[in-house]
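What the coordinates show
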Amino acid sequence: MTSQLSIYLGATSGVGLILTVMTFVTFIRHWNNRLIKSSCREASVVMLLGISNSFILYLAYLGKLTDTRCYVGRFGFHLTFTVIYAPMLVKIVKICRIFESGRRSVQQPRFISIKSQIVIISFLLLVQVCIIMATVAYSQPQVLPFNSVDDETVELKCKETAASFSPSVVYNLALILCCCCLAFKTRKLPANFNESIQIGFCSNTTFILWVAFIPAYLALLRAKHQIILLAVSMMVNGFVSLFSLFLPKFYALYYVSETNLVLDIAYDPTTTSVRVTPAAHWRRWEREDSHMETDDGHVETLVTSS
């Protein structure tokens, strides 16, 4: 990798990391804001950690490759996507279950409390960690010399086989596809509840990115080209996740008054359509009598203005 390209990628990674830190600081400053409280704060913090790893991981590929860098690269690459999409899946499942339960009864569905969500996220992360450890035990990452395509130079490359690469990738793709399917399923929810739209946009974009990334990564013959593609794809995913999931929330925080977060809507249950007035910049309530999660995991009812 040329020094000039390394500088460009490093600068892009630094900008992404700074934006992520600023997002995290803003998130903590408004921790008790009703808008932040309703978005599953703990899951959002975990997602921010995954997004920051998308930018930090590029540093593992700078400089001369070592066995330690290969270990960090394998764990970091696969686990970063899980850290982002495991909480995202838990959030979209929660949205889906709340609406499905609301159609049948007024009883609150089980396992939607904060503690339950943290346990589920931890379990999903643990599954990926176990998969990575199993693949590492089967094929340990190490630096091996490879002849370049012109046979004039020797490149150092981390040992990566299909058996060690595929299981974690398949697991991450399963999480992403579940997010895509549930976001598609919740597309007909009242239009003033739009976190499922954000999740759908992010997961579908990532899925398209992976469909393009995997065959391109396997088709490249030069190790430096694979590293460039890996770094660019992870940074693109980090920016997409950051902007699509958190930018709308911060727009509402700074440009929409808190009184307008209780939206002025007209909901017709026979057509599942919502008429939203111009004041409804932040569309996130599930019906005319909407729910917001409180600190203890219970659901609070908020009646919108007529």
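Residues numbered from 1 in each chain as written. Predicted model: local features only at pLDDT ≥ 70, side-chain atom pairs only at ≥ 80, totals over all residues. Heavy atoms only, no water.

Brief notes about the overall build of the protein chain
- Across its full length, the protein chain holds 8 helices and 6 strands.
- Reading the helices (α) and strands (β) of the protein chain from amino to carboxyl end gives α-α-α-α-α-β-β-α-α-α-β-β-β-β.
- In the protein chain, buried positions account for 47% of the 306 residues.
- When contacts within the protein chain are restricted to residue pairs at least 6 apart in sequence, those whose partners lie at least 24 apart make up 74%.
- Roughly 15200 Å² of accessible area belongs to the protein chain as shown, and the carbon and sulfur atoms make up 65% of that amount. (Helix = DSSP H or I, 4+ residues; strand = E, 2+ residues; numbered from the N terminus. Buried < 20%, exposed > 50% of the residue type's maximum accessible area, 1.4 Å probe, protein only. Contact = heavy atoms within 4.5 Å. Areas by Shrake-Rupley, 256 points an atom, 1.4 Å probe, with all protein chains shown as cover.)

Considering the nonpolar core
- In this structure, Phe77, Tyr85, Met88, Leu89, Trp210, Leu245 and Phe246 are the most contacted members of the largest nonpolar core, which totals 58 residues.
- Only helix H1 (3-29), helix H2 (34-37), helix H3 (41-56), helix H4 (67-104), helix H5 (114-138), helix H6 (162-185), helix H7 (195-219) and helix H8 (223-255) provide two or more residues apiece to this core.
- The dominant element in this core, judged by the number of residues it contributes, is H4, at 13 residues.
- Those residues within four positions of Leu245 in sequence are excluded, and the remaining contacts are Met47, Met88, Gln198, Ile199, Cys202 and Val240. (Core = buried A, V, L, I, M, F, W, Y, C linked by side-chain atoms within 4.5 Å.)

Things to note about the state of the cysteines
- All chains considered together, the criterion is met by 1 disulfide.
- Disulfide pairing places Cys70 opposite Cys158 at an S-S distance of 2.0 Å. Taking the sign of the torsion about the S-S bond as the criterion, the disulfide between Cys70 and Cys158, at about -85°, is left-handed. Here Cys158 lies in strand S2 (residues 154-158) and Cys70 lies in helix H4, a separation of 88 residues in the sequence. In terms of burial, Cys70 and Cys158 fall into one category: buried. (Disulfide = S-S within 2.5 Å.)

Some remarks on the packing of H5 against H6
- Axis separation between H5 and H6 bottoms out at 8 Å; the angle between their running directions is 170°. The orientation of H5 relative to H6 falls into the category roughly antiparallel. On the side of H5, the interface is formed by Leu124, Val127, Gln128, Ile131, Ile132, Thr135 and Tyr138, while H6 contributes Ala163, Ser164, Pro167, Ser168, Tyr171 and Asn172.
- Residues of the contact of H5 with H6, tallied by class, amount to 8 nonpolar, 5 polar and no charged. (Axes fitted to C-alpha atoms, helices over the stretch in contact; angles between N-to-C directions. Parallel < 35°, antiparallel > 145°, perpendicular 65-115°, else oblique. Nonpolar A, V, L, I, M, F, W, Y, C, P; charged D, E, K, R; others polar.)

A short note on the packing of aromatic side chains
- In the structure shown here, the tally under the stated rule is 12 aromatic pairs.
- An aromatic cluster is present here, built from Phe77, Phe81, Phe165, Trp210, Phe213 and Tyr217 joined pairwise through their rings.
- Lying over the aromatic face of Phe246, Lys249 brings its terminal NZ or CZ to 5.8 Å of the ring centre. (Phe/Tyr/Trp six-rings, centres within 6.5 Å; stacked < 30°, edge-to-face > 60°. Lys NZ or Arg CZ within 6 Å of the ring centre and 35° of its normal.)

Some remarks on the confidence of the model for the protein chain
- Confidence along the protein chain averages 76 in pLDDT terms, with 76% of residues attaining 70 or more.
- Per-element confidence in the protein chain is highest for H5, whose mean pLDDT is 92, and lowest for strand S6 (residues 299-303), whose mean pLDDT is 34. (pLDDT = per-residue confidence, 0-100.)

Here's the deal with the packing of H1 against H8
- In the contact formed by H1 and H8, the axes pass within 10 Å of each other and the chain directions differ by 30°. Between H1 and H8, the interaxial angle falls into the category roughly parallel. Here H1 and H8 pass one another in a crossing that is left-handed. Here Leu5, Leu9, Thr12, Ser13, Gly16, Leu19, Thr20, Thr23, Thr26 and Phe27 of H1 lie close against H8, whose contacting residues are Ile228, Val232, Met235, Phe239, Leu242, Phe243, Phe246, Phe250 and Tyr254.
- Grouping the constituent residues of the contact of H1 with H8 by class yields 13 nonpolar, 6 polar and no charged. (Left-handed = near helix turned anticlockwise from the far one by under 90°.)

Observations concerning a nonpolar patch on the surface
- A surface patch of nonpolar side chains, about 310 Å² in accessible area, is lined by Val21, Phe24, Val25 and Ile28.
- With respect to the helices, strands and loops of the structure, Val21 is situated in helix H1.
- Among the residues examined, Val21 registers a relative accessible area of 46% and is labelled partly exposed. (Patch = residues over 30% accessible without salt bridge, like charges linked within 9 Å, V, L, I, M, F, W, Y side chains within 5 Å. Salt bridge = Lys/Arg side-chain N within 4 Å of Asp/Glu carboxyl O.)

A short note on the environment of Thr20
- Of note, Thr20 is situated in helix H1.
- Exposure remark for Thr20: the relative accessible area of 3% places this residue in the buried category.
- As for Thr20 and Leu48, which are separated by 28 residues in sequence, their C-alpha atoms are 6.9 Å apart.
- The residues contacting Thr20, other than those within four sequence positions of it, are Leu48, Ile51, Ser52, Phe55 and Leu242.

A word on the environment of Leu173
- Within the fold, Leu173 resides in helix H6.
- Through-space distance from the C-alpha of Leu173 to that of Thr206 is 9.4 Å; in sequence the pair is 33 residues apart.
- Apart from residues lying up to four places away in sequence, Leu173 is in contact with Phe207, Trp210 and Ile214.

Digging into the side chain of Ser203
- Here Ser203 shows up in helix H7.
- In this structure Ser203 comes out as buried when scored by relative accessible area, which is 0%.
- Beyond its immediate stretch of four places on either side in the chain, Ser203 contacts Tyr85, Met88, Ile176, Cys179 and Cys180.

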